[in-house]
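Listed below are the residues making up each chain.
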Protein chains: 2
Amino acid sequence: MNDLSSPLHSLKVTCTNCSLRELCLPIGLNRDEMAQLDAVIRQSRRFKRGEYLFRTGDGFRSLYAVRTGYFKTCVSSRDGREQATGFYMSGELMGLDGISANTHGCDAIALEDSDVCELPFSRMESLGRDIPSLQHHFFRLMSREIVRDQSVMLLLGNMKAEERLAAFLLNLSQRLASRGFAANDFILRMSREEIGSFLGLKLETVSRTLSKFQQQGWIRVDHKHIQLLRPEELKALVAGCSQANSAG
Amino acid sequence: MNDLSSPLHSLKVTCTNCSLRELCLPIGLNRDEMAQLDAVIRQSRRFKRGEYLFRTGDGFRSLYAVRTGYFKTCVSSRDGREQATGFYMSGELMGLDGISANTHGCDAIALEDSDVCELPFSRMESLGRDIPSLQHHFFRLMSREIVRDQSVMLLLGNMKAEERLAAFLLNLSQRLASRGFAANDFILRMSREEIGSFLGLKLETVSRTLSKFQQQGWIRVDHKHIQLLRPEELKALVAGCSQANSAG
DNA sequence: CGAGTGCTTGAGATCCGTCAATATCAGTGG
DNA sequence: CCACTGATATTGACGGATCTCAAGCACTCG
């Protein structure tokens, strides 16, 4: 632990000192266990906006936790149709779909300049055997992804355009709030087209629906800058629908 | 192992002698490991058609593997809308969504008289620590569920009614075939309404689309009895769309 | 045999997608 | 700094896929 000799000491980001400790993998680990985790995790890799973290078909080696920035994941059909399957912000884990076939099942793309921690999966697996609470947390994270996916299915299968968009905005709001950002005033990191791809709508419908919300005085839209003026109205729209999470 | 003394001996179904060995949890375990697994798994519980295996909000204790019969899982919103999230047949695992919050996140309902093996999760978790290949297989199963969910999102977000139904029929066909049943001649276990709930369509649309397929000579529909006459035409419909699995 | 449930089919309504025109923004290079 | 270009967003008009409502049919089960 006392690697003060290294000049890089103060630059090295570890789970132990990461501000995402409470949102990310190390929940519930003690000092010693966290040190073991630190030893396994590869330090941040930077990605520029638009760069691929991994692509469908790439060999699966690692999971990736967002440290800063934003990513999207999407699956696409051969004829070019794309379905965004999630948006990921700090502390959220990507790549869980790759375990099953040892191959990534979707693309992961940086929505802005971002960096991630790489978690080599086989080492995480064996570490899980030594640290039961880590293993359990891992299962919980995978299960949470499944729960999230179920609520996206409810959204795509049952909800109308307005309900989908309201659910989407509220979900972003809640996740930003839990990271200490303003809940009702934020910048969208994705285009209208990407929102539409996630919500099963065309970009024109997304745009129109945002305008409609604005006309009703529920939100303020200034390009990617969104303010929720009457979040309770949005909540009323999705009331009854178990809210759909974008990620985490 | 030699409990021949027990009169129940010949009735007791274990993983070791289960015909689903190759589809279910024990893939890749040796004799000894399988015996340990057998010791943890609770024997079949029977469910009548329409009975709940678990409900949203029930405390999470166990996962359940279908032994015989069929189940569906569904999430529902407070205002009554229901989204079927999957159909499960023999060897497939239900309840993975419950791990994250220690509470089941959906309902699981028998589509006909069925029985399941109960896998107490905390014992599975510790067994996984002793048997790395079991732990790994568990991760793979959870990941497979995530991959499946992603393809359902693609289906719900991007595909038209005909494509959805074609993908659904082909998926059923393939899963039945891998269980040794006829691929092109089978009985639907679910109602039109349940199919619609899964595919994000109304039952009338499901019915109309089946009729259309029949008129084109691609399938034969006799109530719940379905024959695929020209599966290649159905495949052409979903060509380009990575096929969406119902479960497994 | 009768009631009830599930299924099929039709007609009209609605929501959203498509196409198109215009506006605005971000990045580049003069 | 400004003009230019391509990407992104807004808005309108129209059309089409699916939903809604409704009627009738066909099984199932007591």
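Residues numbered from 1 in each chain as written. Chains lettered and ligands numbered in written order. Predicted model: local features only at pLDDT ≥ 70, side-chain atom pairs only at ≥ 80, totals over all residues. Heavy atoms only, no water.

Focus on the overall build of chain A
Link 1 in the chain: Broken down by element type, chain A carries seven helices and 11 strands.
Link 2 in the chain: A buried classification covers 54% of the 248 residues belonging to chain A.
Link 3 in the chain: Taking the contacts inside chain A whose residues are at least 6 apart along the sequence as the reference set, 74% of them involve residues at least 24 apart.
Link 4 in the chain: Within the structure as shown, chain A displays about 11000 Å² of accessible surface, and the carbon and sulfur contribution to it stands at 48%.
Link 5 in the chain: With 32 positive and 29 negative side-chain charges, chain A shows a spacing of 2 Å between the two charge centroids. (Helix = DSSP H or I, 4+ residues; strand = E, 2+ residues; numbered from the N terminus. Buried < 20%, exposed > 50% of the residue type's maximum accessible area, 1.4 Å probe, protein only. Contact = heavy atoms within 4.5 Å. Areas by Shrake-Rupley, 256 points an atom, 1.4 Å probe, with all protein chains shown as cover. Lys, Arg positive; Asp, Glu negative; His and termini not counted. Charge placed at Lys NZ, Arg CZ, Asp CG, Glu CD.)

Focus on the state of the cysteines
Link 1 in the chain: Summed over the entire model, instances satisfying the criterion amount to zero disulfides over all chains.
Link 2 in the chain: Looking at the unpaired Cys15(A), the closest cysteine sulfur is the one in Cys117(A), lying at 6.3 Å.
Link 3 in the chain: Of the residues examined, Cys15(A) reaches a relative accessible area of 12% and is grouped as buried.
Link 4 in the chain: Cysteine Cys74(B) shares no disulfide, and the gap to the nearest cysteine sulfur, in Cys106(B), comes to 7.5 Å. (Disulfide = S-S within 2.5 Å.)

Comments concerning the protein's contact with DNA strand D
Link 1 in the chain: Contacts to DNA strand D come from 17 residues, most closely from Ser207(A), Arg208(A), Ser211(A), Ala161(B) and Thr205(B).
Link 2 in the chain: Side-chain polar atom of Thr205(B) to a phosphate oxygen of DNA strand D: 2.4 Å apart, as the coordinates give it.
Link 3 in the chain: Between Arg208(B) and DNA strand D, the recorded distance is 2.9 Å, taken from a side-chain N or O atom to a base oxygen.
Link 4 in the chain: Within the residue set of the surface near DNA strand D, elements represented by two or more residues are α6 (203–215) of chain A together with α6 (203–215) of chain B.
Link 5 in the chain: In terms of residue count, α6(A) provides more of the surface near DNA strand D than any other element does, five residues in total.
Link 6 in the chain: Taken together, the residues of the surface near DNA strand D break down into three nonpolar, six polar and eight charged. (Near = heavy atom within 4 Å. Polar contact = N/O pair within 3.5 Å; in protein donor to acceptor, adjacent residues only side chain to side chain. Nonpolar A, V, L, I, M, F, W, Y, C, P; charged D, E, K, R; others polar.)

What about the relation of the copies chain A and chain B?
Link 1 in the chain: When chain A is fitted onto chain B, the two copies agree to an RMSD of 0.0 Å after a turn of 180° and an axial shift of 0.0 Å. Accordingly, the operation relating the two chain copies is best matched by a two-fold axis. Of the C-alpha atoms belonging to chain A, the one lying closest to the rotation axis is found on Arg129(A), 2.4 Å away.
Link 2 in the chain: Comparing interface residues between copies, 100% of those in chain A also sit at the interface in chain B, which points to an isologous, same-surface contact. (Least-squares fit on C-alpha atoms with pLDDT ≥ 70 in both.)

Re the sheet that holds strand β5 (residues 82–88) of chain B
Adjacent strands of a sheet form backbone hydrogen bonds with each other and so pair up, either parallel or antiparallel.
Link 1 in the chain: In space, the four strands of this open sheet follow the order β2-β7-β4-β5 (chain B), with antiparallel pairing throughout. A single partner strand is all that each edge strand has here, and the edge strands are β2 (52–54) and β5 of chain B. Across the sheet, the mean angle separating the axes of adjacent strands is 30° when strand polarity is ignored.
Link 2 in the chain: In the sheet, strand β4 (residues 71–76) of chain B pairs with strand β7 (residues 107–110) of chain B via four bridges, with the strands oriented antiparallel. Counted as the bridge partner of Cys74(B) is Asp107(B) from β7(B).
Link 3 in the chain: On top of the sheet, helix α3 (residues 132–158) of chain A reaches β4 and β5 of chain B; it is set at about 120° to β5(B), its chief contact. (Pairing = 2+ DSSP bridges. Axes fitted to C-alpha atoms, helices over the stretch in contact; angles between N-to-C directions.)

Some remarks on the environment of Ser76(B)
Residue and element names in this part refer to chain B.
Link 1 in the chain: By secondary structure assignment, the location of Ser76 is in strand β4.
Link 2 in the chain: Given the relative accessible area of 34%, Ser76 is considered partly exposed.
Link 3 in the chain: Sequence spacing of Ser76 and Leu170 is 94 residues, and the spatial spacing of their C-alpha atoms is 26 Å.
Link 4 in the chain: In this structure Ser76 touches Arg81, Glu82 and Asp107, once residues within four positions along its chain are discounted.

With respect to the UniProt feature "domain: HTH crp-type" (unreviewed entry) in chain A
Link 1 in the chain: Taking the UniProt record as the reference, the feature "domain: HTH crp-type" (unreviewed entry) is found at residues 159–232 of chain A.
Link 2 in the chain: Within the segment residues 159–232 of chain A, helix and strand shares are 54% and 15% respectively, and the terminal C-alpha atoms sit 18 Å apart. (UniProt positions renumbered as here; feature names shortened; annotations may be inferred.)

Description of the nonpolar core
Link 1 in the chain: Judged by nonpolar contacts, the single largest core of 75 residues is most densely connected at Phe168(A), Leu169(A), Ile219(A), Phe168(B), Leu169(B), Phe213(B) and Ile219(B).
Link 2 in the chain: Leaving out residues up to four positions away in the same chain, Ile219(A) has contacts with Leu169(A), Leu210(A), Phe213(A), Gln214(A), Gln227(A), Leu228(A), Leu229(A) and Leu234(A).
Link 3 in the chain: The next biggest cluster of nonpolar side chains, apart from the first, holds 56 residues, and it includes Cys18(A), Ala65(A), Ala65(B) and Leu119(B). (Core = buried A, V, L, I, M, F, W, Y, C linked by side-chain atoms within 4.5 Å.)

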